[in-house]
Amino acid sequence: MRSYLIRLQKDLLKNKAIYFMLLPVLAYYLIFQYGPMYGLQIAFKDFIPAKGFLGSPWVGFKHFEDFFGSVYFGRILKNTLLLSLYSLVFFFPTGIIFALLLNEIKGRIFRKAVQTISYMPHFISMVVIVGMMFDFLARDGLVNNIIAMFGLEPVSFMRSPGWFRTTYISSEIWQNIGWSSIVYLAAISSINPSLYEAARMDGASRWKQMWHVTLPGIMPTVTIMFILFIGKFMTVGFEKIILMYNPVIYETADVIQTFVYRKGILEANYSYSAAVGLFNAAISFTLLIGANMTAKRLGETKLW
Amino acid sequence: MKKNQGKKAALIALSSVLTATVMAGCSSDSAKEGGTAPQSGTSSSTSEYPRAFSYWVELDGDSAISMKSFSENAAYKEMEKITGTKVDFKHPTGGGTQVLEQFNLMVASRNLTDVIQTNWFNVARGPQNAIDEGTIIRLNDLIDKHAPNFKKYLAEHPEVASMIKTDKGDIYAFPFIRGDNKIKVYYGPVIRKDWLDKLGLEAPTTINEWEKVLVAFRDKDPNGNGKNDEIPFLLEVSTVRNDLLNAMIGAWGILDKFYQKDGKIYYGEMQPEFKDFLTTMQRWYKDGLIDKDFAAVDGKLKDAKTSNNQLGVLYGFSSGTIGKFTDLMKDTVPGFKMAALPHPTLREGDTPAAGMISPTYPGEHSVAITTAAKEPEKIVKWLDYAYGPEGHMLFNFGIKGQSYDIVNGKPAYTDTIKSDPNKLTFKQAQAQYMRSHYGGPFVQDVESFLQQMKYQEQFDSLEIWSKAKNQLQLPLMTLTADESKKLASIMNDINTFSDEMIVKFIMGTEPIDNFPQYVDKLKKFGIEEAIKIQQTAFDRYSKR
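About the cut-offs
- Residues numbered from 1 in each chain as written.
- Chains lettered and ligands numbered in written order.
- Predicted model: local features only at pLDDT ≥ 70, side-chain atom pairs only at ≥ 80, totals over all residues.
- Heavy atoms only, no water.
- Helix = DSSP H or I, 4+ residues; strand = E, 2+ residues; numbered from the N terminus.
- Rg over C-alpha atoms; globule rule 2.2 N^0.38 Å.
- Buried < 20%, exposed > 50% of the residue type's maximum accessible area, 1.4 Å probe, protein only.
- Contact = heavy atoms within 4.5 Å.
- UniProt positions renumbered as here; feature names shortened; annotations may be inferred.
- pLDDT = per-residue confidence, 0-100.
- Phe/Tyr/Trp six-rings, centres within 6.5 Å; stacked < 30°, edge-to-face > 60°.
- Lys NZ or Arg CZ within 6 Å of the ring centre and 35° of its normal.
- Domains from an automatic or database assignment.
- Buried area = accessible area lost by both parts, 1.4 Å probe.
- Salt bridge = Lys/Arg side-chain N within 4 Å of Asp/Glu carboxyl O.
- 1 Å grid on protein atoms, 1.4 Å probe; cavity = no way out; pocket = protein on both sides within 12 Å on 5 of 7 lines; lining within 4 Å.
- Points joined across faces, edges and corners; volume = space filled by probe spheres on them.
- Pairing = 2+ DSSP bridges.
- Axes fitted to C-alpha atoms, helices over the stretch in contact; angles between N-to-C directions.
- Polar contact = N/O pair within 3.5 Å; in protein donor to acceptor, adjacent residues only side chain to side chain.
- Nonpolar A, V, L, I, M, F, W, Y, C, P; charged D, E, K, R; others polar.

### So, the overall build of chain B
- When helices and strands are tallied, chain B shows 24 helices and 14 strands.
- A globule of 544 residues ought to have a C-alpha radius of gyration of about 24 Å, and chain B, at 25 Å, matches this closely.
- Taken along its principal axes, the extent of the C-alpha atoms in chain B is 80 × 55 × 40 Å.
- Burial analysis of chain B (544 residues in total) assigns 56% to the buried set.
- Relative to all contacts within chain B whose residues are 6 or more apart in sequence, the contacts with residues 24 or more apart total 73%.

### A look at the UniProt feature "transmembrane region" (unreviewed entry) in chain A
All names here are of chain A.
- Residues annotated in UniProt with the feature "transmembrane region" (unreviewed entry) correspond here to residues 12–31, 81–102, 114–134, 173–192, 213–234 and 270–291.
- Across residues 12–31 one finds 95% helix and 0% strand; the C-alpha atoms that close the span lie 23 Å apart.
- In residues 270–291, the share of helix is 100% and the share of strand is 0%. The end C-alpha atoms are 31 Å apart.

### A closer look at the confidence of the model for chain A
- Confidence along chain A averages 87 in pLDDT terms, with 99% of residues attaining 70 or more.
- The element-level mean pLDDT for chain A is lowest in helix 3 (residues 52–55) of chain A, coming to 81, with helix 9 (residues 164–189) of chain A highest at 92.

### Some thoughts on the packing of aromatic side chains
- Tallied over the entire structure, the rule returns 69 aromatic pairs over all chains.
- Counting every residue linked through ring pairs, the aromatic cluster contains A:Tyr72, B:Trp252, B:Phe274, B:Phe277, B:Phe497, B:Phe505, B:Phe515, B:Tyr518 and B:Phe525.
- The lysine or arginine in question, A:Lys240, covers the ring of A:Tyr168, its NZ or CZ lying 4.9 Å from the ring centre.

### Quick look at the environment of B:Leu424
Residues and elements named next belong to chain B.
- Within the element layout of this structure, leucine 424 appears in the loop between helix 18 (415–418) and helix 19 (426–431).
- Placed 358 residues apart in sequence, leucine 424 and serine 66 show a C-alpha to C-alpha distance of 8.9 Å.
- Not counting residues up to four positions away in its chain, the partners in contact with leucine 424 are Ile65, Ala429 and Gln432.

### With respect to the domain arrangement of chain A
Residues and elements named next belong to chain A.
- On domain assignment, one finds that chain A holds domain 1 (1–42) and domain 2 (45–298).
- Placing the centre of domain 1 and that of domain 2 at their C-alpha centroids yields a distance of 32 Å.
- The interface is formed by five residues belonging to domain 1 together with 10 residues belonging to domain 2.
- Carbon and sulfur atoms supply 70% of the area buried between domain 1 and domain 2, which totals about 700 Å² over both sides.
- It is Leu40, Gln41 and Ile42 in domain 1 that bury the most area against domain 2; as a group they hold 81% of the surface buried on that side.

### Overview of the domain arrangement of chain B
Residue and element names in this part refer to chain B.
- What the domain assignment lists for chain B is domain 1 (22–179 + 362–444) and domain 2 (186–356 + 470–543).
- Computed over C-alpha atoms, the centres of domain 1 and domain 2 are 33 Å apart.
- Taken together, the contact pairs 14 residues of domain 1 with 11 residues of domain 2.
- Contact between domain 1 and domain 2 buries roughly 1000 Å² in total, counting both sides, with carbon and sulfur atoms accounting for 59%.
- Together, Phe121, Arg125 and Asp167 form the three largest contributors to the area buried by domain 1 at its contact with domain 2, with a combined 52%.
- As a salt-bridge pair, arginine 540 and aspartate 167 come within 2.9 Å of each other at their nearest N and O atoms.
- Here the side of domain 1 that touches domain 2 takes four residues from helix 6 (residues 126–132), the largest share from any one element.

### A few points about empty space enclosed by the protein
- This model, assessed by the stated rule, comprises six cavities of 30 Å³ or more.
- Computed from the structure, the largest cavity encloses a volume of approximately 180 Å³.
- Taken together, 15 residues form the lining of the largest cavity, with A:Ala268, B:Val107, B:Val123, B:Ala124 and B:Glu133 sitting closest to its centre.
- Put simply, the parts of the chain that give the lining of the largest cavity at least two residues each are helix 5 (97–109) and helix 6 of chain B.

### Some words on the environment of B:Lys532
- Residue placement: B:Lys532 occurs in helix 24 (residues 527–543).
- Between the C-alpha atoms of B:Lys532 and B:Gln310, which are 222 residues apart in sequence, the distance is 45 Å.

### Overview of the sheet that holds strand 6 (residues 231–234) of chain B
All names here are of chain B.
- Read from one edge of the open sheet, four strands run 6-9-5-10, paired in mixed fashion. If you trace the sheet from one side to the other, it starts and ends with strand 6 and strand 10 (338–340), each paired once. Taken pair by pair, the neighbouring strands of this sheet meet at an average axis angle of 30 degrees, ignoring direction.
- In this sheet, strand 10 lies alongside strand 5 (residues 187–192) in antiparallel orientation, the contact comprising three bridges. Bridge pairing links valine 190 to alanine 340 in strand 10.
- Contacts between helix 14 (residues 299–307) and the sheet are confined to strand 5, strand 6, strand 9 (311–317) and strand 10, with strand 9 contributing the most and set at about 135 degrees to the helix.
- Contacting strand 5, strand 9 and strand 10, helix 15 (residues 318–329) runs over the sheet at an angle of about 135 degrees to strand 9.

### Regarding the pattern of salt bridges
- A full pass over the atoms with the stated rule returns 34 salt bridges over all chains.
- The closest approach of N and O atoms between B:Glu364 and B:Arg178, which form a salt bridge, is 3.4 Å. Separated by 186 residues along the polypeptide, B:Glu364 in the loop between strand 10 and strand 11 (366–369) and B:Arg178 in strand 4 (residues 177–178) bring together distant segments of the chain.
- Residue B:Glu364 is classed as partly exposed on the basis of its relative accessible area of 27%.
- Across the pair B:Asp194 and B:Arg192 runs a salt bridge, and its minimum N-O distance is 3.0 Å. Each of the two residues, B:Asp194 as well as B:Arg192, counts as buried.
- Among the charged side chains, a salt-bridge network with shared partners connects A:Lys263, A:Glu267 and B:Asp493.

### Description of the interface of chain B and chain A
- Contacts between the two partners involve 25 residues from chain B, matched on the other side by 24 residues from chain A.
- Summing both partners gives a buried area of about 2300 Å² for chain B against chain A, and 56% of it is carried by carbon and sulfur.
- When residues of chain B are sorted by the area they lose upon contact with chain A, B:Glu133, B:Thr496 and B:Glu500 head the list and together hold 20% of the total.
- The tally of links between chain B and chain A comes to four salt bridges.
- The salt bridge partner of B:Asp493 is A:Lys263, with a shortest N-O separation of 3.8 Å.
- Remark: the boundary between chain B and chain A carries 10 residue pairs in polar contact (both at pLDDT 80 or more).
- Elements that contribute at least two residues to the side of chain B that touches chain A include exactly helix 5 and helix 22 (481–507) of chain B.
- Ranked by residue count, the leading element in the side of chain B that touches chain A is helix 22 of chain B, at nine residues.
- Residues belonging to the side of chain B that touches chain A are distributed by class as follows: 10 nonpolar, four polar and 11 charged.

### Let's talk about the sheet that holds strand 3 (residues 115–118) of chain B
Residue and element names in this part refer to chain B.
- Strands sit in the order 2-1-3-11 across an open sheet of four strands; the sheet is mixed. Where the open sheet ends on each side, the last strands, each with one partner, are strand 2 (86–90) and strand 11. Neighbour-to-neighbour, the strand axes of the sheet open up by a mean angle of 25 degrees, direction not taken into account.
- Sheet analysis places strand 3 next to strand 11, joined by four bridges and oriented antiparallel. Following the sheet pairing, glutamine 117 is matched in strand 11 by valine 367.
- Sitting on the sheet, helix 16 (residues 376–384) is in contact with strand 1 (52–56), strand 2, strand 3 and strand 11, with an inclination near 160 degrees to strand 11.

### Regarding the layout of surface pockets
- Of the pockets and cavities examined, the second largest pocket occupies roughly 940 Å³.
- Those elements that place two or more of their residues in the lining of the second largest pocket are helix 2 (16–34), helix 14 (256–266) and helix 15 (270–298) of chain A together with helix 5 of chain B.
- No other element matches helix 15 of chain A, which puts seven residues into the lining of the second largest pocket.
- For the lining of the second largest pocket, the per-class residue count stands at 19 nonpolar, seven polar and no charged.
- Mapping the lining of the second largest pocket onto the domain boundaries places at least three of its residues in each of domain 1 (1–42) and domain 2 (45–298) of chain A.

Laid out in structure tokens, this is it:
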């Protein structure tokens, strides 16, 4: 321990400038990320704005008990988990697959065009995206017109609970497939070309090359992205859900985050919603640690 | 905010030094200065009006068409000339829940403006709690000492005086008051009169007649485009559970949510009559009489459907719907005519239990002074101006010679308002000069309301919609903080649940036979305790 401190001291002196440059980052985390955690105590208090964080009375685990006992607890937990699971299964791999496919395209211009077009939705504001969805999926919208061409009944996509998860995940893919493939494309481009050469010498087909060279080559990147994804597992894109949902589809669309928003901000139940948020964060934290440990055990790649 | 306060304190200090040398400011001088420059020293701290204060208020849609802030409104500009007060308007962005969100965050973060205009009944835990927790201040003494106009008004209208108080007797806000019974009726069912005439039908009065007319609208192509694209009836889901805005439930003799009968409180959505209402609505929906999109209709969509010449019956406003669309459509759809329908009943000749009658004091647009205000007595003085004779004219009619003239002893809007060259609607034109098109802390003048109307159908609508017993509504009762909290926690769960269930019942995804289970669920959520709380509050109110 002692020797470690001495080493640290020496290092600090030696690399003054570098540590100095670290300061703003450190300050950012202290002020904006760790500082607000002090406010988390209201999850155990009955927060009254006029009395502030310190003056409000302690109530222990009351809000947690209320939440676990709430009629909506089961539903929003289920919705959160399902939606996260579905995005993991259906959305997460799309970036990888798309990158692999792009990599196989030889025509440079065509490839660039496909790439650029696929990035585009990522840069459109969420409000506009959801507005477009409402237009496309309306009863007299684009999608229903196509359905009608096949002589089928129009579907109220945005108004039926049964369709929510499908529309949500599909739009997620549409929005982010191009963007999420960038990091994998970068990983692919860093694979040593001699590996492909060797594989070709051994008579490997395009498919075999992809399977035995490209995929293992980007596996470390996939693992890291996976761990990061798991870290955000419980925080499915709630801005989008808030824009998309209405009471009719609460049944499938209401997730922990939107519940926190409604309770906390709209009904001014700050303590209750802080408790729910804390519960959510605790799950995410556990999942992240778990994913990292698993990755560590399975292979070399890990986040820390 | 803190910085502003510091600045303000500095200004006050500076101005009091100046007062020693300059005589007490005369307001016409400060008007020329625009009240901006502190070095002018004309409106001194000894002035009875505040030098400046901040004012949180929603920018209504009609105003937002032509301005970014109320400081561009002619009435407020005039106020600045008269009082020398610079009002710093803070407008929340967006609408609906976004406004509520910004309000809640402002209160929670203690970043309060000096005054806040909102509906204090919709604020979490109510107005009494806002006073008790130190968000806003009790105004009784201040009104007594510094608001002669408002005090006079209250003395002349004791019924209003009791409405604007909490049970403890605290006055928490300067209210918006509808100064005449005629202003209280402005919303109800509207039908395409030209469609009725074309099909040779009478205006329906009972639910059965409604159904017949709606079926005819569906089948007989009243818009004459050869396509079966008519939407007979637009039922808005957001108003189904709102008895002020959708009085249809009154045909069954009850209201949704809480109502009282002979002093006893009931909850409408658990009554058998409510089941009958849902049964009818479900049938109408299934038969294509109700718009398929009803579960997610907003104002934009409603306007689109109406101006698309597709809609037969909807709920709307005398000027905002009948007037607006008659103006808008008369060129594209020859003979376009909208007329008010009476609230339907079950049996012919009955009087519906509920119609449209908004309270004298509706709760909305009330201005409270927060604990952040440095000189509440001066702000009270400023707010009081609107309740005096000059302020009344200013806020209701705007600027004399510009937006109104006196004709035959009565104020009459000029052509600037009536036919704006920039194609603004009547209300949008009003919004540039006054506040009476929407609401605010003043007494609304009946003339400002009646002169919005130019078609006979609009005048008729007031008559037609006002015919109802209207004995079931609850007054605007105030609850104690504990009661509010308890009630809110019960009702929040119930409202989420009912919003969902009622749509499902109407759309038929939930069979009506499940109504008893629905009622059981309401009981499990604690509806009976909620009724008890309302009963206590109602008894207290009746004793006031």
